[in-house]
Amino acid sequence: MPALDPVWLEELSELLRIPSVSADPGHREDVRQAAEWVREFVRASGGDCELVERGERPLVIGEIRASVNADSAATVLVYGHFDVQPPAPLEAWESPPFEPTIRGEWLYARGIADDKGQLYLLLKAAALLAAEGALPVNVRIACDGEEEVGGHSIVDWIGADEPAGKQRADACVIFDAHMPRRGQPAFYIATRGIAYFHVRVRTGERDLHSGTYGGAALNAMHALTQTLSGVLPRNGRLPEPLRKGLISPTAEELADWASQTPGAEELADQGARPADARAAEEFYLRTWGEPSVDVHGLEGGSPQLQKTVIPVAGEANVSIRLAPGQHPDVIAPEVERLLREAAPEGAEVEIELWSSAPPGLIPPDSEAIRLGQDAFERAIGSRPLLLRAGGTLPIVPALADKGIPTIVSGFDLPEGNLHSPNERFLVDHIPLGVAAARELFISLAGVR
C-alpha cells in the first residue's frame with residue numbers, strides 16, 4: 001500500500017481542524033464552515049454544489065458528473081456527515097482533538113473516523129477519477145451536519161427528492177462503519193429500527209405508610225414492574241406479537257456472522273454478563289436479527305433515602321429495537337397492548353411514544369452489493385462480509401423506500417475510539433480507503 005500523500009494529509013487536516021460539534025450551539029458557525037469546506041471541495045473537483053438550508057444546519061447537495069456519456073451513466077449517491085461528537089473530556093486527549101496528529105501508525109483527531117475522514121475517502125476518490133477523465137458514474141453528494149444529534153433533514157430531503165417510485169440514484173455508498181478486524185472489510189446490509197416509550201403508572205392519590213397499608217394498598221413500583229414484564233423476553237425471545245414481520249438472515253449471512261468474535265468474548269470485553277444461558281452463543285442473532293426490549297430508567301419512591309412509604313406513582317423509559325422486516329406502526333401498538341394487559345387491576349397506565357424509526361434492509365443478493373464486494377476484493381484482497389448493525393440509521397430505510405440499494409461500509413477499526421477521547425484512524429487506511437472507493441465507483445458503473 002503506498003504511503004499517505006502529504007498533500008492529502010494537509011487537505012484532510014483542514015476539514016478535521018474545524019470544530020463542527022453539532023450538539024453545542026456555540027459551534028453552529030463551525031458546522032456551517034465544515035459544510036462550506038465540503039461544498040468547495042466538490043466544486044474544486046469539477047462538480048456543482050450548494051448549501052441547502054434545512055433548519056439550523058445546512059445540507060450539502062452536489063454532483064460530479066461522469067467524465068463521458070454522463071446523461072446515460074449510472075448515478076451513485078454518496079452520503080456522509082461533517083458534524084462530530086463533543087471532544088470532552090479534553091484532559092483525556094493526548095493531543096488537541098482538533099489538531100490532527102500522527103503517532104505511530106495512527107492519525108488522531110475528532111472526526112477522523114466518524115465521519116469526516118471516511119467521507120473524505122469517497123470525495124477524494126471521485127475527485128481523482130474526475131481529474132483523470134476516468135469517472136464512469138455520476139456521483140451525487142448529499143451530506144449533513146446533524147447526524148450526531150439525530151437530525152432528520154437528510155431523510156426528509158431523500159423522501160422529497162423525487163416522487164415515489166422514481167429515483168435519482170442507482171446505488172448509494174456510505175463510509176461510516178468499521179472493519180470487524182484488520183484486513184477484513186464488511187458491508188452492513190441491515191439496521192434495526194426503534195420505538196421509544198415513556199410509561200407512567202399511578203395507583204392512588206398520595207403516598208401511604210407501609211406499616212399501616214402495606215400488603216393491602218396497590219404499590220406503584222410493584223405495578224410498574226409488573227406492567228413492564230409484559231414486554232420482557234422469555235427464554236431469550238420477546239413475546240411473539242413483538243416478533244411479527246421479522247426477516248430471518250440468509251444462510252450466507254449466518255456463515256459470515258459465525259466468523260466474528262465469539263459472543264462470549266464480545267460480552268466479556270465490555271464487562272457485561274450474558275442475559276441468559278443462550279445469550280452468548282446467540283449474540284449476533286439477538287443483536288442483529290431479532291427485536292430486543294430494554295428498560296432504560298425507572299423513577300419512583302425513594303431509592304436513596306430510607307422511607308417506609310408505598311409510592312403512588314412510577315415512571316419508566318423503555319424501547320424496542322425492531323428487526324429488519326418490522327415497522328413501528330405495527331409493533332408500537334403491540335407494545336402498548338402488552339403493557340396495558342400486564343398492568344394490575346386498579347393501576348392507571350399512561351403510555352407515550354416519544355420517537356420511532358423503521359429498520360432498514362438491503363437485499364444481500366442485490367447487484368450493487370455483488371459489484372461492491374467484487375470492487376473491495378480487487379482493492380483490498382479480501383471480500384467483504386455481509387453483516388448487520390444492531391443500531392438505528394434512519395437514512396438506510398429512507399433509501400430502501402426509494403428503491404436505492406445501499407453499501408454501508410468503512411475503514412474504522414473497533415479500537416478506533418469512536419465517540420471517545422483520542423479518536424484515531426490508521427494512516428494506511430486513508431490511501432487504502434481511497435483505492436477501494438475508486439474501485440467501487442468503477443464497478444458500480446455496471447449497476448442499472
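Reading guide: rules and limits
- Residues numbered from 1 in each chain as written.
- Predicted model: local features only at pLDDT ≥ 70, side-chain atom pairs only at ≥ 80, totals over all residues.
- Heavy atoms only, no water.
- Helix = DSSP H or I, 4+ residues; strand = E, 2+ residues; numbered from the N terminus.
- Rg over C-alpha atoms; globule rule 2.2 N^0.38 Å.
- Buried < 20%, exposed > 50% of the residue type's maximum accessible area, 1.4 Å probe, protein only.
- Contact = heavy atoms within 4.5 Å.
- Areas by Shrake-Rupley, 256 points an atom, 1.4 Å probe, with all protein chains shown as cover.
- Phe/Tyr/Trp six-rings, centres within 6.5 Å; stacked < 30°, edge-to-face > 60°.
- Lys NZ or Arg CZ within 6 Å of the ring centre and 35° of its normal.
- Axes fitted to C-alpha atoms, helices over the stretch in contact; angles between N-to-C directions.
- Parallel < 35°, antiparallel > 145°, perpendicular 65-115°, else oblique.
- Left-handed = near helix turned anticlockwise from the far one by under 90°.
- Nonpolar A, V, L, I, M, F, W, Y, C, P; charged D, E, K, R; others polar.
- Patch = residues over 30% accessible without salt bridge, like charges linked within 9 Å, V, L, I, M, F, W, Y side chains within 5 Å.
- Salt bridge = Lys/Arg side-chain N within 4 Å of Asp/Glu carboxyl O.
- Arc of directions from axis to C-beta.
- Polar contact = N/O pair within 3.5 Å; in protein donor to acceptor, adjacent residues only side chain to side chain.
- Pairing = 2+ DSSP bridges.

A separate point is the overall build of the protein. Tallying secondary structure elements over the protein gives 13 helices and 18 strands in all. The C-alpha atoms of the protein give 24 Å as radius of gyration, which agrees with the globular expectation for 448 residues (22 Å, within 12%). Sorting the 448 residues of the protein into buried and exposed places 54% on the buried side. Put simply, 80% of the contacts in the protein that link residues at least 6 apart link residues at least 24 apart. With an accessible surface of roughly 19600 Å², the protein has 50% of that area assigned to carbon and sulfur atoms.

The description of an aromatic ring pair uses the distance of the two centres, along with the angle that the planes make with each other. By the definition in use, this model includes ten aromatic pairs. Pairing F283 with Y284 gives two aromatic rings, centres 4.9 Å apart and planes at 90 degrees, and the pair type is edge-to-face. With respect to burial, F283 and Y284 carry one shared label: buried. The side chain of R103 reaches across the aromatic face of Y108, ending 3.8 Å from its centre. Across the ring face of W106, the terminal group of R424 is positioned such that the distance to the ring centre comes to 3.9 Å.

For the rest of this paragraph, the subject is the packing of helix α11 (residues 367–380) against helix α13 (residues 429–443). One way to put it is that α11 packs onto α13 with a least axis distance of 8 Å and a crossing angle of 140 degrees. Taken together, the axis directions place α11 and α13 in an arrangement best described as oblique. In this structure, α11 crosses over α13, and the sense of that crossing is right-handed. Mapping the contact onto sequence places L371, G372, A375, F376, R378, A379 and I380 in α11 and L432, A435, A436, E439, L440 and S443 in α13. A class-by-class count of the residues in the contact of α11 with α13 yields nine nonpolar, two polar and two charged.

The next thing to look at is a nonpolar patch on the surface. Taken together, the side chains of L232, V295 and L298 present a nonpolar region at the surface, about 220 Å² in accessible area. As for its placement among the helices and strands, L298 is situated in strand β11 (residues 292–299).

This part covers the environment of G289. Inspection of the secondary structure puts G289 in helix α9 (residues 283–289). For the pair G289 and D48, spaced 241 residues apart in sequence, the C-alpha to C-alpha distance is 40 Å. Other than its neighbours up to four places away in sequence, G289 contacts L246, W257, Y284, A323 and R388.

Further remarks concern helix α6 (residues 220–228). Residues separated by three or four positions in an α-helix point in the same direction, a consequence of the helix having 3.6 residues per turn. All of the buried residues in α6 are A220, M221, A223, L224, T227 and L228. Along the long axis of α6, the arc covered by the buried residues comes to 160 degrees, so they all point the same way. Residues of α6 that are buried in the fold lie against β9 (193–202), β11, β13 (313–322), α10 (328–342) and β14 (348–357). You can read the cap of α6 off the contacts: a side-chain oxygen lies 2.8 Å from the backbone nitrogen of M221, and it is on N219.

With mixed pairing, the three strands of this open sheet are ordered in space as β15-β8-β16. In this open sheet, the two edge strands, each paired with only one partner strand, are β15 (360–361) and β16 (385–389). In the sheet, strand β8 (residues 186–191) pairs with β15 via two bridges, with the strands oriented antiparallel. Across the sheet, residue T191 finds its bridge partner in β15, namely G360. Relative to the sheet, helix α7 (residues 251–258) contacts β8 and β16, its axis offset from that of β16 by approximately 85 degrees. Here α11 sits on the sheet and contacts β8 and β16; the angle it forms with β8, its principal contact strand, is near 155 degrees.

This part covers the pairing of β13. The element β13 is extensively covered by neighbouring structure, given that seven of its ten residues are classed as buried. Judged from the ten bridges that link them, β9 and β13 form a sheet pairing that is antiparallel. Within β13, the position partnered with G193 by the bridge is L322. As defined by bridge partners, β11 adjoins β13 across seven bridges and the pair is classed as antiparallel. Note that in β13 the partner of S292 across the bridge is R321.

The four strands lie next to each other as β11-β13-β9-β14, forming an open sheet whose pairing is antiparallel. Strand pairing shows two members of the sheet lacking a second neighbour, β11 and β14, which therefore form its edges. On average, each strand axis in the sheet is tilted by 20 degrees relative to the strand beside it, whichever way the strands run. Where β9 lies against β14, nine bridges are found, and the strand directions are antiparallel.

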